[in-house]
Amino acid sequence: MPPGFDPAAAAARAGAAGRVLALGYVPRQDLGALLSGAALFVMPSLYEGFGLPVLEAQRAGAPLACSTAAALPEVAGEGAVYFDPSSAEAMAEAIRRCLADPALRDDLRRRGGANLQRFSWERAARATRAVYEAAAAGEVAGKRA
């Protein structure tokens, strides 16, 4: 959070006092339980290198409202409602839409679970190894250097 930002005051101004929690650091062992109980996971990022928090939320069964920045739409796939992260109004509308529609949240949970099938550490490790082997063999983009 930006220096000087008071999440409790912001929640109160938005009429959500007591319903929005700013937890700060959450130990890894508690993350899944926390996410699985979330009414909505919101990823308002302006930049993400990959977007592991999105996949963690989907793995825990949390419905997802997500920024359109960087790789996030590619990572979240069809398992998210998207918004422009530079627009507070667009973000607020996505959050309102999700929280007001239990059927949409259930659909996002289902599509998020299906999206996870596209990712695995084993496939990532195999692809990384292939890149290293190609580099060691002097290949550049599948061609000999």
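Before reading further, recall that the structure is shown in the block above.
Procedures and definitions
- Residues numbered from 1 in each chain as written.
- Predicted model: local features only at pLDDT ≥ 70, side-chain atom pairs only at ≥ 80, totals over all residues.
- Heavy atoms only, no water.
- Patch = residues over 30% accessible without salt bridge, like charges linked within 9 Å, V, L, I, M, F, W, Y side chains within 5 Å.
- Areas by Shrake-Rupley, 256 points an atom, 1.4 Å probe, with all protein chains shown as cover.
- Salt bridge = Lys/Arg side-chain N within 4 Å of Asp/Glu carboxyl O.
- Buried < 20%, exposed > 50% of the residue type's maximum accessible area, 1.4 Å probe, protein only.
- Helix = DSSP H or I, 4+ residues; strand = E, 2+ residues; numbered from the N terminus.
- Contact = heavy atoms within 4.5 Å.
- 1 Å grid on protein atoms, 1.4 Å probe; cavity = no way out; pocket = protein on both sides within 12 Å on 5 of 7 lines; lining within 4 Å.
- Points joined across faces, edges and corners; volume = space filled by probe spheres on them.
- Nonpolar A, V, L, I, M, F, W, Y, C, P; charged D, E, K, R; others polar.
- Axes fitted to C-alpha atoms, helices over the stretch in contact; angles between N-to-C directions.
- Parallel < 35°, antiparallel > 145°, perpendicular 65-115°, else oblique.

Participant: Honestly, a nonpolar patch on the surface in this entry has me stumped. Any pointers?
Facilitator: Together, Leu-21, Leu-23 and Leu-34 line one region of the surface with nonpolar side chains, adding up to about 310 Å² of accessible area. Residue class for Leu-21 comes out exposed when judged on its relative accessible area of 68%.

Participant: Could you clarify how one ought to interpret the side chain of Glu-56 in this entry?
Facilitator: Its location among the elements puts Glu-56 in helix H3 (residues 52–60). Residue contacts for Glu-56: discarding those within four places in its chain leaves Arg-28, Leu-31 and Leu-35.

Participant: So what exactly am I meant to see when it comes to the layout of surface pockets here?
Facilitator: Gaps between atoms show up when a probe of the same size as a water molecule is rolled over them. For the largest pocket, the calculated volume is near 1800 Å³. If you trace the largest pocket, you find 37 residues lining it, with Val-20, Leu-21, Ala-22, Leu-40 and Val-42 closest to the centre. For the lining of the largest pocket, the secondary structure elements donating two or more residues are helix H1 (7–13), helix H2 (28–36), strand E1 (41–43), H3 and helix H5 (88–100). With six residues, H5 is the single largest residue contributor to the lining of the largest pocket. Among the residues making up the lining of the largest pocket, the classes are represented as 31 nonpolar, two polar and four charged. Roughly 300 Å³ of volume is contained in the second largest pocket. In terms of lining, the second largest pocket is formed by Arg-28, Phe-50, Leu-52, Leu-55, Glu-56, Arg-59, Leu-116, Phe-119, Ser-120, Trp-121 and Ala-124. Elements with a minimum of two residues in the lining of the second largest pocket: H3 and helix H7 (121–136). A total of four residues in the lining of the second largest pocket trace back to one element, the largest contributor, which is H3.

Participant: I would appreciate a short explanation of unusual backbone geometry in the present structure.
Facilitator: In most cases, non-glycine residues show a negative phi, while peptide bonds are predominantly trans. Located in the positive-phi region is Ala-70, a residue other than glycine, with phi close to 50°. Among the structural elements, Ala-70 can be located in the loop between strand E2 (64–67) and helix H4 (72–76). With relative accessibility at 48%, the residue Ala-70 sits in the partly exposed group.

Participant: Sorry if this is basic, but what is going on with the packing of H5 against helix H6 (residues 102–115) here?
Facilitator: Helices that pack against each other are described as a pair by the angle of their axes relative to one another and the distance between those axes. Running from N to C, H5 and H6 cross one another at 100°; their axes reach a closest spacing of 5 Å. On the basis of the axis angle, H5 is roughly perpendicular to H6. Note on element contacts: H6 touches H5 through Pro-102, Leu-104, Arg-105 and Leu-108, opposite Arg-97, Cys-98, Leu-99 and Ala-100.

Participant: I would appreciate a short explanation of the pattern of salt bridges in the present structure.
Facilitator: Two side chains with opposite charge may pair up if their charged atoms get near one another. This model, assessed by the stated rule, comprises seven salt bridges. Two residues, Arg-28 and Glu-56, come together in a salt bridge whose shortest N-O distance is 3.0 Å. Within this pair, whereas Arg-28 is found in helix H2, its partner Glu-56 is found in helix H3, the two being separated by 28 residues in sequence. Accessibility expressed as a relative area gives 57% for Arg-28, which makes it exposed. Measuring nitrogen to oxygen at the nearest pair gives 2.8 Å for the salt bridge that ties Asp-107 to Arg-111.

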